[in-house]
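Each chain, written out:
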Amino acid sequence: MDANPTYQGIEPDAETALALLEWQAELGADEAILDAPLDRFELAARAQPATSPLPLQVQAQVPAAPAAEGEADPSALVAEAEALAAAADSLDALAAAQEGFDGIELKKGARNFCFADGNPKARLLILGEAPGDEEDRQGRPFVGRAGQLLDRMFGAIGLSRGAVDAEKALYIINVLTWRPPGNRDPAADEISVSMPFVRRHIELAAPDLIVLMGNIPCQAALGRRGILRLRGQWTQAFGRPALPMAHPAYLLRNPPAKREAWADLLSLAARLETLSV
Ligand code: URA
């Protein structure tokens, strides 16, 4: 990197440089690295136009090349994740296996592994999307602004992650345990390789009910997106009753949607009540 960076030919003073950095971070460019290493020498070689003797229609039917040498085969990574998850016979063993698994590039750029928070004996499990900046710092899911709103929402129906009593407790996990840079949405391959661990996590925690918090968990568990249509409608996920809900980050941006979230919380509270009688 240039030791004396200039902006449009002008060397900025410290205050301007800081403002420019903050502006870039707000745009989401808060990582100086990519998800995966990039070999720019190879990229230049690949940029040479490839001439194929085949007509375009035939080229389109040729199957994609298998993973290049040194590149991981995505289905082999999912199989490895399946085997590791299946072998874990406790949540501690699962956490160790998942943290040690190197088949997800995000691990290289994340600060901390975010496995779970709350009481694993809770009757209610919340499945979120992925750690953000604060979660990545603390190594716990939902501890940033969205997490604070989540605590207030569930607190309003008498549930908390600190509760010892399983009936009043929450257990919180995410589809991804490593933060995607710049808080981008998880990629399809990152979700596929994480799902064996998520399924086993839910099997071991054995909650009575699940909240699918936002689009990514609905995509991962139900194969459907469109949370504003799905929310509030009970369904089945991981062999258990599940309720899709709008993500608290969405509620922070759209406060009027809190009314529907409140209706969903009441529906959850009623379902928990019927389970306890
Ligand atoms: N959003 C999520 O879905 N999970 C977190 O842990 C934080 C924000």
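Residues numbered from 1 in each chain as written. Predicted model: local features only at pLDDT ≥ 70, side-chain atom pairs only at ≥ 80, totals over all residues. Heavy atoms only, no water.

On to the site of the ligand, then. Taken together, Gly128, Glu129, Ala130, Glu135, Pro141, Phe142, Asn174 and His247 make up the full set of residues adjacent to the ligand. Within the backbone of Glu129, one N or O atom sits 2.7 Å away from an oxygen atom of the ligand. Within the side chain of His247, a nitrogen or oxygen atom sits 2.8 Å from an oxygen atom of the ligand. A total of 240 Å² of accessible area belongs to the ligand in isolation, and the protein chains cover 91% of it. (Near = heavy atom within 4 Å. Polar contact = N/O pair within 3.5 Å; in protein donor to acceptor, adjacent residues only side chain to side chain. Areas by Shrake-Rupley, 256 points an atom, 1.4 Å probe, with all protein chains shown as cover.)

The next point concerns the pattern of salt bridges. Scanning the model with the defined rule gives 16 salt bridges in all. One salt bridge connects Asp102 with Lys107, and the closest N-O pair in it is separated by 2.6 Å. Each of Arg111, Asp133, Glu134, Asp136, Arg137 and Arg179 takes part in one network of salt bridges that share partners. (Salt bridge = Lys/Arg side-chain N within 4 Å of Asp/Glu carboxyl O.)

Let's shift gears to the environment of Ser267. With respect to the helices and strands, the residue Ser267 is situated in helix H13 (residues 258-276). Considering only alpha carbons, one finds Ser267 and Gly232, 35 residues apart in sequence, at a separation of 7.8 Å. (Helix = DSSP H or I, 4+ residues; strand = E, 2+ residues; numbered from the N terminus.)

On to the packing of helix H4 (residues 74-87) against helix H9 (residues 188-205), then. It is the contact of H4 with H9, at a shortest axis distance of 8 Å, that shows an interaxial angle of 15°. Here H4 is positioned roughly parallel relative to H9, judged by the angle of their axes. For H4 against H9, the interelement crossing comes out right-handed. Residues Leu77, Val78, Ala81, Glu82, Leu84, Ala85 and Ala86 of H4 touch H9, and the partners they reach there are Ser192, Val193, Pro196, Phe197, Arg199 and Arg200. Along the lines of polarity and charge, the residues of the contact of H4 with H9 split into 9 nonpolar, 1 polar and 3 charged. (Axes fitted to C-alpha atoms, helices over the stretch in contact; angles between N-to-C directions. Parallel < 35°, antiparallel > 145°, perpendicular 65-115°, else oblique. Left-handed = near helix turned anticlockwise from the far one by under 90°. Contact = heavy atoms within 4.5 Å. Nonpolar A, V, L, I, M, F, W, Y, C, P; charged D, E, K, R; others polar.)

Another aspect to go through is unusual backbone geometry. What you tend to see is this: most non-glycine residues have negative phi, and most peptide bonds are trans. For Phe142, which is not a glycine, the phi torsion comes out positive at approximately 50°. One can find Phe142 in the loop between helix H7 (133-138) and helix H8 (145-155). Even without being a glycine, Asn183 presents a positive backbone phi close to 55°. Mapping Asn183 onto the fold places it in the loop between strand E3 (170-174) and H9. Judged by its relative accessible area of 49%, Asn183 is partly exposed. (Buried < 20%, exposed > 50% of the residue type's maximum accessible area, 1.4 Å probe, protein only.)

A few words now on the packing of aromatic side chains. The full count for this structure, using the stated rule, is 3 aromatic pairs. Taking the centre distance of 5.4 Å and the plane angle of 55° together, the rings of Phe101 and Phe197 count as tilted. In this pair, Phe101 sits in the loop between helix H5 (91-100) and helix H6 (106-109) while Phe197 sits in helix H9, placing the two residues 96 residues apart along the sequence. Take Phe101: its relative accessible area is 3%, and that puts it in the buried class. Geometrically, the ring pair formed by Phe113 and Trp178 is tilted, given 5.1 Å between the ring centres and 45° between the ring planes. Taken together, the positions of Phe113 in the loop between H6 and strand E1 (117-118) and Trp178 in the loop between E3 and H9 put the pair 65 residues apart, joining distant regions of the chain. The class of Phe113 is buried, set by a relative accessible area of 11%. Aromatic ring contacts, followed pair by pair, group Phe113, Phe115 and Trp178 into a single cluster. (Phe/Tyr/Trp six-rings, centres within 6.5 Å; stacked < 30°, edge-to-face > 60°.)

Looking at the element boundaries, Arg145 is found in helix H8. Taking the C-alpha atoms as reference points, Arg145 and Ala249, 104 residues apart in sequence, are found 7.7 Å from one another.

On to H5. For H5, the set of buried residues is Leu91, Leu94, Ala95, Ala97 and Gln98. Along the axis of H5, the buried positions cluster into a sector of 165°, meaning they face one direction only. Among the exposed residues of H5, those oriented more than 90 degrees off its buried face are Asp92 and Ala96. Packed against the buried residues of H5 are H4, E3 and H9. (Arc of directions from axis to C-beta.)

For the rest of this paragraph, the subject is H4. End to end, H4 covers 20 Å across 14 residues, agreeing with the expected 20 Å (1.5 Å per residue, within 8%). For H4, the full list of buried residues reads Leu77, Ala81 and Ala85. Looking straight down H4, one finds its buried side chains confined to an arc of 70°; they lie on one side. Facing away from the buried side of H4, by more than 90 degrees, are the exposed residues Ser75, Ala86 and Ala87. Tucked into the core, H4 has its buried residues touching H5 and H9. Measuring from the backbone nitrogen of Ser75 back to the side-chain oxygen at the start of H4 gives 3.1 Å, which picks out Asp73 as the cap. (Expected span 1.5 Å × (residues − 1).)

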